[in-house]
Amino acid sequence: VYRLTEIVKKYLLDLGERRVAVHEELHANATTLPAHLCAPASASAEYMVRWVYPDIAIHASACLASHSTSDGDDFLRHRAILTPKNKVAQEMNERILDLLDATQEIVVHSHDSLEMGDPSDALSYPTESPNALTPGSMTPHALRLRPGAILIIRTDLDKVRGICNGTRCLLMHATCRLLDVRIL
């Protein structure tokens, strides 16, 4: 877990240019993160979310109320939680969503029907089974969305305008068919 600050940016540049000590006995690219960039190992998911995003509801509301991207977007733009496991990332996402305004939440479901040549084959493939899975490259079957949430674009939609894989956006408004976002 880290806060994207000038210190972190410098550390990442130093890391990329190999000016940070590596532990080759572990791996050719293994390094130790500085303590000030890490939460305690025993920290709970709730602690981590509040450590990285203190008062997120207030900041998200300010971003949503303002048409100026400079007013509050920096708070969201320069913070992120990194985790090696999708399950932990999903837990963090759920905790962050729980801190945002619940009155405008929508839940979008993935398409989950099967077309079979023989209708009796459908009994062998209940939709509950694939809906319970969330492979690393997929969103959950039931995707919760609330204004103020940070979304990451997962495909190249418009490279010229910067809407491509990895772009972080602020969810302004959502319907079951349309997401209104602002690029962070």
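Preceding this paragraph is the structure being described.
Residues numbered from 1 in each chain as written. Predicted model: local features only at pLDDT ≥ 70, side-chain atom pairs only at ≥ 80, totals over all residues. Heavy atoms only, no water.

Moving on to unusual backbone geometry. Positive phi outside glycine occurs at Arg18, with the angle close to 60°. Examined against the element boundaries, Arg18 turns out to sit in the loop between helix 1 (6-16) and helix 2 (45-52). Looking at Arg18, the relative accessible area reads 61%, which means it is exposed. (Helix = DSSP H or I, 4+ residues; strand = E, 2+ residues; numbered from the N terminus. Buried < 20%, exposed > 50% of the residue type's maximum accessible area, 1.4 Å probe, protein only.)

Our focus in this paragraph is the pattern of salt bridges. When the charged atoms of two side chains with opposite charge come close together, those side chains can pair. Evaluated as defined, the whole model comprises 13 salt bridges. Across the pair Arg50 and Glu46 runs a salt bridge whose closest N-O atoms are separated by 3.5 Å. A residue pair is termed a helical-turn pair when its members lie 3 or 4 positions apart in one helix, as Arg50 and Glu46 do in helix 2 at four residues. Residue Glu46 is classed as partly exposed on the basis of its relative accessible area of 42%. Arg146 serves as the salt-bridge partner of Glu105, at 2.5 Å between the closest nitrogen and oxygen. (Salt bridge = Lys/Arg side-chain N within 4 Å of Asp/Glu carboxyl O.)

For strand 6 (residues 168-174) and strand 7 (residues 179-183), the ladder comprises five bridges, and the chain directions are antiparallel. Along strand 7, the bridge assignment pairs Leu171 with Val181. (Pairing = 2+ DSSP bridges.)

It is worth spelling out the packing of aromatic side chains at this point. Tallying each qualifying case throughout the model produces one aromatic pair. Consider the rings of Tyr53 and Phe75, whose centres lie 6.5 Å apart with planes at 65°: the pair is edge-to-face. Pair noted here: Tyr53 is in the loop between helix 2 and helix 3 (56-65) and Phe75 is in helix 4 (residues 73-77), with a separation of 22 residues, a long-range link. Owing to a relative accessible area of 6%, Tyr53 belongs among the buried residues under this scheme. A residue is classified by how much of its surface remains accessible, and Phe75, at 11% relative accessible area, is buried. (Phe/Tyr/Trp six-rings, centres within 6.5 Å; stacked < 30°, edge-to-face > 60°.)

Here we come to the sheet that holds strand 6. Spatial ordering of the open sheet is given by 5-6-7, a layout of three strands whose pairing is antiparallel. In this open sheet, the two edge strands, each paired with only one partner strand, are strand 5 (150-152) and strand 7. Here the strands of the sheet are splayed against their neighbours by 50° on average, with no regard to which way each runs. Relative to strand 6, strand 5 is paired through three bridges, and the arrangement is antiparallel. If you follow Ile150 over to strand 6, its bridge partner there is Leu170. (Axes fitted to C-alpha atoms, helices over the stretch in contact; angles between N-to-C directions.)

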